[in-house]
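# Examining the three-dimensional arrangement
If you want the building blocks of each chain, they are given just below.
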Amino acid sequence: MIEVNHLTKQYGGVKAIDHVTFKVNKGEIVAFLGPNGAGKTTTMRIIAGFVPATSGTAVIAGFDVFEKPLEVKRRIGYLPEIPPLYSDMTVSEYLTFVAKLKQVASKEISPAVENVLNKCNLVSVKTRLIKNLSKGFQQRAGLAQALIHNPEVLILDEPTVGLDPHQIIEIRDLILNLAGEHTIILSTHILQEATALCQRVLIINEGHIVAEDTPERLSANLRKSEKVNLVIRRGSDEMINEIKMIPDVINVIVQSKEGGDIWNVMAEYPVGSDLREEIARIIVQKGAGLLELKAQTLSLEDIFLKLTQEEPANLNHGGAA
Amino acid sequence: MRNIWTIAQKELRSYFYSPIAYVVLFIFLMVMGLLYSNIVAAVNQASMQMMRFQGGMGQFNPKEVIFRQSFGNMIIVLLLVMPLLTMRLFTEEKKMKTSELLFTSPITVFEIVFGKFLGALLLYLLMLVLTFYIPVLMASVTEISWKAVLSGYLGLLLCGGVFLAWGSLASSLTENQIISAVISFGFLLSLWIVGFMGQVFSDTPIGTLLSYLSLISHFENFTKGLIDTSDIAYAVGMIVLGLFVTYQVVDSQRWKS
Ligand SMILES: Nc1ncnc2c1ncn2[C@@H]1O[C@H](COP(=O)(O)OP(=O)(O)O)[C@@H](O)[C@H]1O
Ligand SMILES: [Mg+2]
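Here the structure is a predicted model, which is why all the values come from computation and not from measurement.

Basis of the calculations
Residues numbered from 1 in each chain as written. Chains lettered and ligands numbered in written order. Predicted model: local features only at pLDDT ≥ 70, side-chain atom pairs only at ≥ 80, totals over all residues. Heavy atoms only, no water. Donors = N, O, S within 2.8 Å, 3.2 Å for Na, K, Ca; no water. Helix = DSSP H or I, 4+ residues; strand = E, 2+ residues; numbered from the N terminus. Near = heavy atom within 4 Å. Polar contact = N/O pair within 3.5 Å; in protein donor to acceptor, adjacent residues only side chain to side chain. Areas by Shrake-Rupley, 256 points an atom, 1.4 Å probe, with all protein chains shown as cover. Nonpolar A, V, L, I, M, F, W, Y, C, P; charged D, E, K, R; others polar. Salt bridge = Lys/Arg side-chain N within 4 Å of Asp/Glu carboxyl O. Buried < 20%, exposed > 50% of the residue type's maximum accessible area, 1.4 Å probe, protein only. Pairing = 2+ DSSP bridges. Axes fitted to C-alpha atoms, helices over the stretch in contact; angles between N-to-C directions. Contact = heavy atoms within 4.5 Å. Disulfide = S-S within 2.5 Å. Arc of directions from axis to C-beta. Buried area = accessible area lost by both parts, 1.4 Å probe.

## Observations regarding the coordination of the magnesium ion (ligand 2)
The protein atoms donating to the magnesium ion (ligand 2) are Thr41(A) (OG1) and Glu81(A) (OE), with metal-donor distances spanning 2.0 to 2.7 Å. Separated by 40 residues along the polypeptide, Thr41(A) in helix H1 (residues 40–47) and Glu81(A) in the loop between strand S6 (76–79) and helix H3 (91–101) bring together distant segments of the chain.

Set out below in structure tokens:
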């Protein structure tokens, strides 16, 4: 449904995005995840036909954005980072205007307005001036605007930014309800949002896509080894050496010795060979007390930080399927 | 066509969401009424003196003077008022980021530019219609030439169209309404002053060109009841030029945003 190929946008000498390539299938919800300034807004603006790219192509629903902009614009709903609201209009007036703008047939305008008012829980404020609405209602009016012509593709730029936790949950529920009917690409700098809403995550940093996969697979692929943390009473160097002797063990490190008696130890072994039992057995055999044994998990948060903060040379540039 | 109308309608309505339209309409009508009664009084006095001393009016036609003066004054009032009608057109869209909605909708830049111009023109048309009480009032007390009245109004419409087109251009150049109004006032004043420069350099090719570009010389013909195609061509040409440059500015701004 969305095919982006080597999209590059240059502002002066600075590349906001650099050879961004990805694909979104029909009905998918994909998150565009990256820190501020990564190039999310730039990419979305290009796909929506607001700004032209310096080079590369974007094809939406079979139409090239640069060659057939009107065909593409008919098929997308776009919620910019700042919702494009006319503050002097009432919610109904605004949605009616947008419906005309999106060329909804005259007869279907008022049913379409009713429909999105219901979907976005705006019925109670439909006669209020937009400038008098709370941020949460304004954001919903922005979302309603993107939905009014029932577009195949929805492009949502940071749809929950600036909202309070309660409003965030409302908007997320709304988006989840839209899944299936529309192909959705949404951007966010919040990891939980990407995992909560999306089947697939594209991680973008400094204008490059650095990873692309399901949230689960991303975390699995990036883990090179398993690590366990141990807390041992009456630890000894002899015992540590014995653990090190277990085949496959990569490393054992004594991290601290509390009061000389309780040791904090980290053991590392390859993914797939679970050595927790073996390690526990040695400790118990030595007459030491195993107080704690805990596998370290690499959360998506860690992955995100890893991908977006490491030196560029270490980045995983793969991903483009 | 439907897209142009969608935009025009939105602009027209948005004038009435804010106090701008009401203030402009009120001030315009009030000033026009005052100017008109002043001129009538002055001309009455003059014609009475003429009659006393010459026993007749001779070459002097008070009704024609009233018209020419009224229309001339209207242009000056327009010069001050029109920038207020155009100052919001593009500045507000940029400032409120609603331009992002317009430019991602299935509508062309031409339709946006022309629709906005049309919306402003329709409000201006309403203003003109409301001043029509002046000739009607005159007709009730004396005989008037409706041909001159109508050609004068055509002149006002075209002249206002030029002002609005160049005002649109001014508002496409900035995000600030005040700056936009100042720029468009500058444009309109230039169109005015070019005529005086033409007189200074008269008898030279430059002088002829400047005189041609000047709004006043073309407008005067309309107030005399003369409808000349070259005057109409001038006005339409200036409108097209103003809107064309606006189109170019608006289109190129998307590359930078
Ligand atoms: N109009 C612009 N002019 C110059 N630089 C820009 C412009 N828009 C964005 N940039 C730059 O492009 C980069 C990507 O910005 P953006 O796409 O807004 O990132 P994000 O939405 O991920 O926060 C940033 O470094 C930003 O400074
Ligand atoms: Mg952004």
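## Some points on the site of ligand 1
Taken together, 12 residues lie around ligand 1, and Gly37(A), Gly39(A), Lys40(A), Thr41(A) and Thr42(A) are the ones closest in. The site occupied by ligand 1 is bordered by residues of chains A and B. Between ligand 1 and the protein, one listed contact pairs an oxygen atom with a backbone N or O atom of Lys40(A) at 2.8 Å. Here ligand 1 has 560 Å² of accessible area as a free molecule, and 63% of this is covered by the chains. Element by element, the count of residues in the shell around ligand 1 is highest for H1(A), at 3 residues. In terms of residue class, the shell around ligand 1 is built from 4 nonpolar, 6 polar and 2 charged.

## Points about the pattern of salt bridges
Residue and element names in this part refer to chain A. Overall, the coordinates contain 22 salt bridges over all chains when judged by the stated rule. Here Glu278 and Arg281 are joined by a salt bridge, their closest N and O atoms 3.5 Å apart. Taken together, the positions of Glu278 and Arg281, both in helix H10 (residues 276–285) and 3 residues apart, correspond to about one turn of that helix. Judged by its relative accessible area of 34%, Glu278 is partly exposed. Relative accessible area serves as the criterion here: at 43%, Arg281 is assigned to the partly exposed category.

## What to know about the sheet that holds strand S14 (residues 289–296) of chain A
All names here are of chain A. Overall, antiparallel pairing links the 4 strands, which are arranged S12-S13-S11-S14 in an open sheet. Each edge of the open sheet carries a strand with a single partner, namely strand S12 (251–258) and S14. Across the sheet, the mean angle from the axis of one strand to that of its neighbour is 20°, orientation sign disregarded. Inspection of the sheet shows strand S11 (residues 225–233) paired to S14 by 7 bridges, in the antiparallel sense. Residue pairing in the sheet places Val228 in a bridge with Ala295 of S14. In this fold helix H9 (residues 237–245) packs onto S11, S12 and strand S13 (262–270), with an angle of close to 155° to the strand it touches most, S12.

## As for the state of the cysteines
The term disulfide refers to a covalent linkage connecting the sulfur atoms of a pair of cysteines. Residue and element names in this part refer to chain A. A complete count under the given rule lists 0 disulfides over all chains for this structure. Among the cysteines around Cys120, which has no disulfide bond, Cys198 carries the closest sulfur, lying 18 Å off. Its relative accessible area of 7% is what places Cys198 among the buried residues.

## Quick look at helix H7 (residues 133–141) of chain B
Of the residues making up H7(B), those classed as buried are Ile134(B), Pro135(B) and Met138(B). Along the long axis of H7(B), the arc covered by the buried residues comes to 90°, so they all point the same way.

## Overview of the environment of Ala112(A)
Residues and elements named next belong to chain A. On the secondary structure map, Ala112 appears in helix H4 (residues 106–119). Using a relative accessible area of 13% as the deciding quantity, one classes Ala112 as buried. When the C-alpha atoms of Ala112 and Thr127 are compared, they prove to be 16 Å apart, with 15 residues separating the residues in sequence. Among residues more than four places away in sequence, those in contact with Ala112 are Val104 and Ile148.

## Quick notes on the interface of chain B and chain A
Each side of the interface is counted separately: chain B has 26 residues, and chain A has 33 residues. The largest contributions to the chain B side of the interface with chain A come from Glu100(B), Leu101(B) and Pro106(B), which together make up 24% of the buried area. Applying the counting rule to chain B against chain A returns 2 salt bridges. Taken together, the links from chain B to chain A amount to 11 residue pairs in polar contact (both at pLDDT 80 or more).

## So, unusual backbone geometry
Residues and elements named next belong to chain A. Positive phi outside glycine occurs at Ala61, with the angle close to 50°. Mapping Ala61 onto the fold places it in the loop between strand S4 (55–60) and strand S5 (63–64). Taking relative accessible area as the criterion, Ala61 reaches 23% and is therefore assigned partly exposed.

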